[in-house]
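Structural description and commentary
If you want the building blocks of each chain, they are given just below.
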Amino acid sequence: MEDHHSRPAFGYQNARTANRNEVSFPSHSWSLEMLLRRLKAIDAKREDKLASVLSAVGEFGAFQWRLVVLTFIPSMLSSYFLLSDHFMLTAQRPYCNTSWILAVGPNLSLDEQLNLTLPRAPNGSFLTCLMYIPVPWDLDSIIHFGLNYTETCKFGWIYPYAKTRSLINEFDLVCGNEPNMENMQTVFLAGILTGSLLFGFLSDKMGRYPTILVSLLGLLVFGFGAAFVKSFYQYLFFRFGMAQVAVGYAISSVSLVMEWLVGDHRAHAVVLEHCFISVGIMLLSGCAYKIFHWRLLFLMGGVPMLPLISNIWVLRESPRWLMVKGKVQEARKVLCYAAEVNKKTIPFNLLNELQLQGKKVNKASILDFYTNQHLFKVVLSMACVWYTVSYIYLTLSLKMKDLGIDNYFRQVIPGIMEVPARLSCVVLLEYFGRKCSLYLSLTLATVFCLFLLFLPQELRSTIILMIVLGEFSLAATVTVFFIYTAELLPTVLRSTGLGMVSLAWAAGAITALAVFNQVKTQLPIFFCCLSCVVALCFASLVPETGDHPLRDSIEYNSTESKRKNQDIASMVIDEESMSDVVNDEVTKNTILNALPLKSEAGRFFNTALEKLTNKEVLSLDP
């Protein structure tokens, strides 16, 4: 018995010598692993003074609820506006305007008017882009002799059988005036490209709050204002501006929420935001099905922006951004305001601990993404993943359209499926962390693409199912990607980094359009599988971020070396503790002896240990 108890004590001394902040030992219990991860998070939070203050403010109180609601409802409206093009260009059958004949036959019905003034195709249908040349005859002569000479429509077009009012019949985009879909997509992607860089830069320079305010004003102007355009080119301009402000809002809102919330609440908030995006897609589909006029569709989406902007004053700037910019007093003020809303009190000594590290303001520029090895690796790896997600998602969408699926089905079904896909990320991130969750979702997308590659084209229903399941896994990938990337980037360049990574989304979309439109074989699907494999390889280059505090500066050397020493110490403890940890009592003593008990950790230990005493959490043979 002496030998049995002495060896663990020796192991504890080594553990305390190697690393007083972390302890790791082998376990086959998910409960114990989750407990240790949370204990490490508490220890990391203790080093992050701002995280400690945020905990004192209230990890998720009334202020945080306001933050989530007021920043994520516009996400629903931005997806509403971004995807509205799918319902703006509904097919319409035009006929030349031949109302001139009504001057001599005012009582003619529409069918009689078309029969007398429009030539017919060989199959008996009326030609849509030709009309008979008007003649100065009376109605009886026209009926008796008929008209023989044709010309193109010079009095415009009519749409007698159209059930909805779209851009097609609003601006007569027919008979050689059809909109070039590639040009429309180019304008949209150009807005994404410029908006990613512009708003990412502004968010890091001006702050998250003013960038969000500018983006919301842009959503109001370019979304609500699109209902009043007078030409198709004006519409394209408004779509360009909408793409800019939508991606800018996505970047700045994610940065603000990630920097205000702590712990698992960060991931949960981003998951909620992306669920709102899916709800926006379903809302758009429902409104487009019921509303017959395209201008009313934009007005419907723009109306909720007015009360949102009028209540945006309740938000506050990110305290992390204020700290890295040297605005310590302003950071304290916004933290005190949040505490007041949450009906909490921040200890005075804790608030005074908020000081500039190194007594100087963190300075960074976009060039650091090239000169800093860690930032370069993060941006390159995440850009490859984002490129892959964009390419696969658009390829699957084009594949669905190529199968002749109804436009409403293509929007509603993926929108419904994406909500549970994004909610499943809560469980994935909790149990597997960021990196493994990204691996899992990308691997699932690869599997479904492989099925598409080898399924015969006759199995149309099975192909549609595989496409929907592929979009399901990609929705989870997007959510994990945003959380992972935002945590990898430092506060001083977080929005700029997200903007640079978003450039890869446009590149992937352009590639998908070019490949799918030029190649009518299974080659685009093969490229989906290949790009997934490449993305998985690049994703392995970046570290796990779960339970680690957010980085504020671009200086990583000291932090990385410290973490490597901690990993080495954990490995030593793993080897020496394999034969020592034999029962629950030893487990509890190991945790208590390895970590310093402070007020916050002590409260957590008391709750956790009460649960451990009621059930077995570790069962290993000596």
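If you're wondering where the values come from, they're calculated on a predicted model, not measured in any experiment. (Residues numbered from 1 in each chain as written. Predicted model: local features only at pLDDT ≥ 70, side-chain atom pairs only at ≥ 80, totals over all residues. Heavy atoms only, no water.)

1. Notes on the overall build of the protein
Cut-off, in case you're wondering: Only DSSP runs of H or I with at least four residues qualify as helices, and only runs of E with at least two residues qualify as strands; both kinds are numbered from the N terminus onward. Using a 1.4 Å probe on the protein chains alone, a residue whose accessible area is under 20% of its type maximum counts as buried, one over 50% counts as exposed, and one in between counts as partly exposed. The criterion used for residue contact is that any of the two residues' heavy atoms lie within 4.5 Å. The method behind every accessible area is Shrake-Rupley, applied with a 1.4 Å probe, and residues are considered shielded solely by the protein chains displayed.
Counting its regular elements, the protein contains 26 helices and four strands. Within the protein, the proportion of its 622 residues that are buried is 53%. The contacts of the protein with a sequence gap of at least 6 include a subset with a gap of at least 24, amounting to 80%. Put simply, the protein shows about 28700 Å² of open surface, and 62% of that area lies on carbon and sulfur atoms.

2. Some thoughts on unusual backbone geometry
If a residue is not glycine, its phi is most likely negative; likewise, a peptide bond is most likely trans. At Asp172, a residue that is not glycine, the phi angle is positive and equals roughly 55°. Relative to the helices and strands, Asp172 resides in the loop between helix 8 (167-170) and helix 9 (181-206). Judged by relative accessible area, Asp172 falls into the partly exposed class, the value being 24%. Residues other than glycine seldom take positive phi values, yet Lys343 does so here, at roughly 60°. Looking at Lys343, the relative accessible area reads 76%, which means it is exposed.

3. Description of the packing of helix 9 against helix 22 (residues 494-518)
Helices that pack against each other are described as a pair by the angle of their axes relative to one another and the distance between those axes. This is how the line gets drawn: Note on geometry: axes are C-alpha line fits, over the in-contact stretch for helices, and angles between N-to-C directions span 0 to 180 degrees. Angles below 35 degrees are treated as roughly parallel, those above 145 as roughly antiparallel, those between 65 and 115 as roughly perpendicular, and all remaining angles as oblique. Classification convention: Asp, Glu, Lys, Arg as charged; Ala, Val, Leu, Ile, Met, Phe, Trp, Tyr, Cys, Pro as nonpolar; all other residues, Gly among them, as polar.
The contact between helix 9 and helix 22 brings their axes to 7 Å, and the two run at 170°. With respect to their mutual orientation, helix 9 and helix 22 come out roughly antiparallel. Residue composition of the contact of helix 9 with helix 22, grouped by class: 13 nonpolar, nine polar and three charged.

4. Let's talk about the packing of aromatic side chains
Condition: Paired rings are identified among Phe, Tyr and Trp, the last through its six-membered ring, by centres lying within 6.5 Å, and are further divided according to the angle between planes into stacked (under 30 degrees), edge-to-face (over 60) and tilted (the rest).
On inspection of all chains with the given rule, the structure shows 22 aromatic pairs. Where Trp294 meets Phe298, the ring centres are 6.1 Å apart and the plane angle is 90°; that geometry is what we call edge-to-face. Residue Trp294 and its partner Phe298 are located together in helix 13 (residues 294-302), separated by four residues, close to a single helical turn. Of the two residues, Trp294 and Phe298, neither departs from the other in class, the shared state being buried.

5. Let's talk about the state of the cysteines
Applied cut-off: A pair of sulfur atoms, both from cysteines and within 2.5 Å, is called a disulfide here.
On inspection of all chains with the given rule, the structure shows two disulfides. There is a disulfide in this structure between Cys96 and Cys153, and the S-S distance comes to 1.5 Å. Looking along the S-S bond of the Cys96-Cys153 disulfide, the torsion reads about -50°, which is the left-handed sense. Linking Cys96 in strand 1 (residues 95-96) with Cys153 in the loop between strand 3 (150-152) and strand 4 (157-158), this pair joins segments that are 57 residues apart in sequence. Considered together, Cys96 and Cys153 belong to a single accessibility category, that of buried residues. The partner cysteine of Cys129 in its disulfide is Cys175, sulfur to sulfur 2.0 Å. Its torsion about the S-S bond being -90°, the disulfide of Cys129 and Cys175 is classed as left-handed. Within this pair, whereas Cys129 is found in the loop between helix 6 (110-117) and strand 2 (130-132), its partner Cys175 is found in the loop between helix 8 and helix 9, the two being separated by 46 residues in sequence.

6. Brief notes about the packing of helix 19 (residues 373-402) against helix 23 (residues 523-539)
Which entries qualify depends on this criterion: Here is the rule for handedness: rotate from the far helix to the near one, and if that takes an anticlockwise turn smaller than a right angle the crossing is left-handed, while a clockwise turn gives right-handed.
Between helix 19 and helix 23, the shortest axis-to-axis distance is 9 Å and the interhelical angle comes to 160°. As summarised for this structure, helix 19 and helix 23 are arranged roughly antiparallel, according to the angle between their axes. Crossing of helix 19 over helix 23 shows left-handed handedness. On helix 23, the residues that touch Leu380, Ser381, Cys384, Val385, Thr388, Tyr391, Ile392 and Thr395 of helix 19 are Pro524, Ile525, Phe527, Cys528, Ser531, Cys532, Val534, Ala535, Phe538 and Ala539. For the contact of helix 19 with helix 23, a count of residues per class yields 14 nonpolar, four polar and no charged.

7. Brief notes about the environment of Phe87
Mapping Phe87 onto the fold places it in helix 5 (residues 85-88). A sequence separation of 198 residues divides Phe87 from Ser285, and the C-alpha atoms of the two residues are 8.3 Å apart. Setting aside its immediate chain neighbours within four residues, Phe87 contacts Leu284, Ser285, Ala288, Leu297, Asn407, Tyr408 and Gln411.

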